[in-house]
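Take a look at the letters that make up each chain.
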Amino acid sequence: MTTQNLRVEHGTETSDVSSAPLLDVGRGNRPLKDEIMEAVSDIIDSGWFIGGPHVKLLEETVAEVSQTEFAIGCASGSDALLLALMAIGIEPGDEVICPSFTFFATASAIHRLGGTPVFIDIEPDTFNLDVSKIESLITSRTKAIIPVHLFGQCADMDPINSIAEAHGLKVVEDCAQAIGATYAGRSAGSLGSVGCFSFYPTKNLGGFGDGGMLTTNDPEIADKLRLLANHGMRPRYYHSEVGINSRLDAIQAAALNAKMKHIGDYSSKRAVNAARYEQLMVDAGIADQLLIPQANTDCGHVWNQFTIRIPGGNRDQVRQQLVEMNVGSEVYYPVPLHQQECFASLKENNVDLVETDRAAEEVLSLPIFPELTAAEQAYAVNCLAKILDVVEMPLKRAG
Ligand SMILES: *Cc1c(COP(=O)(O)O)cnc(C)c1O
C-alpha cells in the first residue's frame, strides 16, 4: 500500500491532510513559550533552582486538582512510586499486588525495595486491574496494592479500598497517566494512601524533562515523603533515615505551572477527540471490528491514550501499514511485566494473566493529544478503514 492524500471533510472546511502524528508536544508548548521563558529568566536571576516558589505553587495546584491536602514534588513518576512505597514501609520479603499490563516503573519500585511484585490480571474493557482477582493473590506477606489508572481512566477504587481495608493493606495509586481523572466525583491521587504523578513530557501534564509529584491526605505520610525525598535529612546534615535525592527543579515547575492553567482544557480536548474517533469509526463502518475504548459511567476519563484492539494476530501488520501512511501509533505495552527477562524469577507466581497477554498482542494506541486536528483524526480513521478492508478481520469477540 502506498501513502495517499485523502481529501477529508470536517465541518465546513475541506483540507488536504496526509499525516497524523502520534504526538506533537510543540503544538502545546509553543503558545506558552514566552510565558515560560520569562519565568525561566526570573529563576536564573534568582539563583533558586531547586524547590522555591515555583515548586510550591505547582504543589498547591496539583493538591487542588487532586483534592488532597498535601502534594510533594519529586524528580519523576518512577521516584514518586519508590518514595510512596518507602513511606508506607515496604521492606524485603513484602509482596505488593500490581498489574503486569503497565509501564515498568510500577513494578520496579517494588523490586528496588526488595519486595516482590505479584502481578494481577486486567479487565479486558478498561485495561485496569481486575478487582475480582485481588483476594486470591493476598498472602500473609501482602502489604499493598498499586492500582494503575491506565490510559487516563481510574481503576475501580471503591472495591479495591474495601478489600485493602479488610486485609490491612495500603493502596498506592499510580496516577502517572491520570492527572485530573475522577472516580465517583473524587480525584485521582486522593483515592488511596498516596498518589504518584509523572510530568514526563508525553503525559497529560508534561514538563521539559523529568518531574513527578506525590499526593496524600495523611499528614504523617506527607511529612515522611518530604523527608525521604531529601536524603532523610532534617535539619541539614542530620539524617534520621536513609532517603534519596529526588526533588523537583524550579525550571520544570515553572513550565508546568504555565501548562497547569490549561489542564482542564487539555483534558476536555482529549475527550472531544475520543468521542470524535468513536463517531468516525462508526461512520467508517469499522467500529465492530475494533474494541473502541469506553469511559466507565462515574469515571472522568482524561484519555492519556486512545487504545483500540486489533484482534486476530493482525495488529503489527496494521501498524506497519499505518506507518507507511504517516499515521503515528504505538503499542502500550508489547511485553507485559511478567514476561520481562528481569522478572523471569517471578514466573511461577504468575500463571493466569490471560487478559494481560491478550491485550499485549492486540492493543494499538492512536494519536489523541489535545491539539490533534479533526482533519488528522479523519485521515487516521480513513487509513485504518482502508487497511482493515484488506486485512482479514475476525468479528469482535462477544462480551
Ligand atoms: C510514565 C509512567 C510512570 C513513570 O513516570 P516517569 O516520570 O517516566 O518516571 C509510571 N507509571 C506509569 C503507568 C507511567 O505511565
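Our structure's up above, just so we're on the same page.
Since the structure is predicted, the reported quantities are computational estimates derived from the model, not experimental observations.

Peer 1: Give me the packing of aromatic side chains: which residues, what numbers.
Peer 2: With the rule as written, the count across this model stands at nine aromatic pairs. Ring centres of F101 and F151 lie 6.4 Å apart, and the angle between their planes is 90 degrees; on these two criteria the pair is classed as edge-to-face. Of this pair, F101 sits in the loop between β4 (95-99) and α5 (105-112) while F151 is found in the loop between β6 (142-145) and α7 (157-167), placing the two residues 50 residues apart along the sequence. Like F101, the residue F151 is buried in the burial classification.

Peer 1: Please give an account of the pattern of salt bridges that cites residues and values.
Peer 2: Pairs can form between side chains of opposite charge whenever their charged atoms are close. This structure, assessed with the given rule, holds 16 salt bridges. For the salt bridge of D223 with R234, the shortest nitrogen-to-oxygen distance reads 3.1 Å. Taken as a pair, D223 in helix α8 (residues 219-228) and R234 in the loop between α8 and α9 (250-260) lie far apart in primary sequence, eleven residues in all. Look at D223 and you get partly exposed, because its relative accessible area is 39%. The class of R234 is partly exposed, set by a relative accessible area of 42%. We note a salt bridge from E362 to R309, for which the minimum N-O separation is 3.0 Å. Of this pair, E362 sits in helix α12 (residues 354-362) while R309 sits in strand β13 (residues 306-309), placing them 53 residues apart in sequence. Residues participating in the shared-partner salt-bridge network are D24, R27 and E376.

Peer 1: Give a description of unusual backbone geometry that names residues and reports values.
Peer 2: The step from R234 to P235 runs through a cis peptide bond, and the omega angle for that step is -10 degrees. As for its placement among the helices and strands, P235 is situated in the loop between α8 and α9. Residue Y333 is bonded to the preceding Y332 through a cis peptide linkage, with omega at 10 degrees. Secondary-structure assignment places Y333 in the loop between α11 (315-324) and α12.

Peer 1: Describe the site of the ligand, with residues and values.
Peer 2: Around the ligand sit 15 residues, and of these G77, S78, D174, S198 and K203 come closest. With respect to the ligand, the side chain of S78 contributes an N or O atom lying 2.5 Å from an oxygen atom. Between the ligand and Q177, the relevant distance is 2.8 Å, taken from an oxygen atom to a side-chain nitrogen or oxygen of the residue. Expressed as a share of its isolated accessible area of 380 Å², the protein-covered part of the ligand is 93%. Of all the elements in the fold, those that place two or more residues in the shell around the ligand are α4 (77-87) and α5. No other element matches α4, which puts three residues into the shell around the ligand. Residue classes in the shell around the ligand are distributed as six nonpolar, seven polar and two charged.

Peer 1: Give me the environment of A359: which residues, what numbers.
Peer 2: Mapped onto the secondary structure, A359 falls in helix α12. It is 9.3 Å that separates the C-alpha atoms of A359 and Y332, two residues lying 27 residues apart in sequence. Other than its neighbours up to four places away in sequence, A359 contacts F101, I122, F127, R309 and R315.

Reading the values: rules and limits
- The written sequence of each chain sets the order in which its residues are numbered from 1.
- Since the coordinates come from a predicted model, pLDDT governs what is reported: local features require at least 70, and pairs of side-chain atoms require 80 or more to be given and counted, while whole-chain, interface and lining totals use all residues.
- The basis for every side-chain value is the complete set of non-hydrogen atoms in the structure, without hydrogens or water.
- Each Phe, Tyr or Trp ring (for Trp, its six-membered ring) is paired with any other whose centre lies within 6.5 Å, and the angle between the two planes then decides the class: stacked below 30 degrees, edge-to-face above 60, tilted in between.
- Labels follow the DSSP assignment, with helices taken as runs of H or I lasting at least four residues and strands as runs of E lasting at least two, numbered in each case from the N terminus.
- Burial here depends on accessible area, computed with a 1.4 Å probe over protein chains only, as a share of the maximum for the residue type. Under 20% is buried, over 50% is exposed, and the range in between is partly exposed.
- By convention in these notes, a salt bridge is any Lys or Arg side-chain nitrogen within 4 Å of a carboxyl oxygen on Asp or Glu.
- The cutoff for a nearby residue is simple: one of its non-hydrogen atoms must lie within 4 Å of the molecule or strand.
- Residues adjacent in sequence count toward polar contacts only when both atoms are side-chain atoms; beyond that, a polar contact is any pair of N or O atoms within 3.5 Å, and within protein one must be able to donate a hydrogen and the other to accept it.
- Method for areas: the Shrake-Rupley scheme with a 1.4 Å probe, in which residue coverage is limited to the protein chains shown.
- Residues were grouped as follows: Ala, Val, Leu, Ile, Met, Phe, Trp, Tyr, Cys and Pro as nonpolar; Asp, Glu, Lys and Arg as charged; and all remaining residues, including Gly, as polar.
- Contacts: residue pairs with any heavy atoms within 4.5 Å of one another.

It is worth stressing that arrangement in space is one thing and function is another; only the former is reported here.
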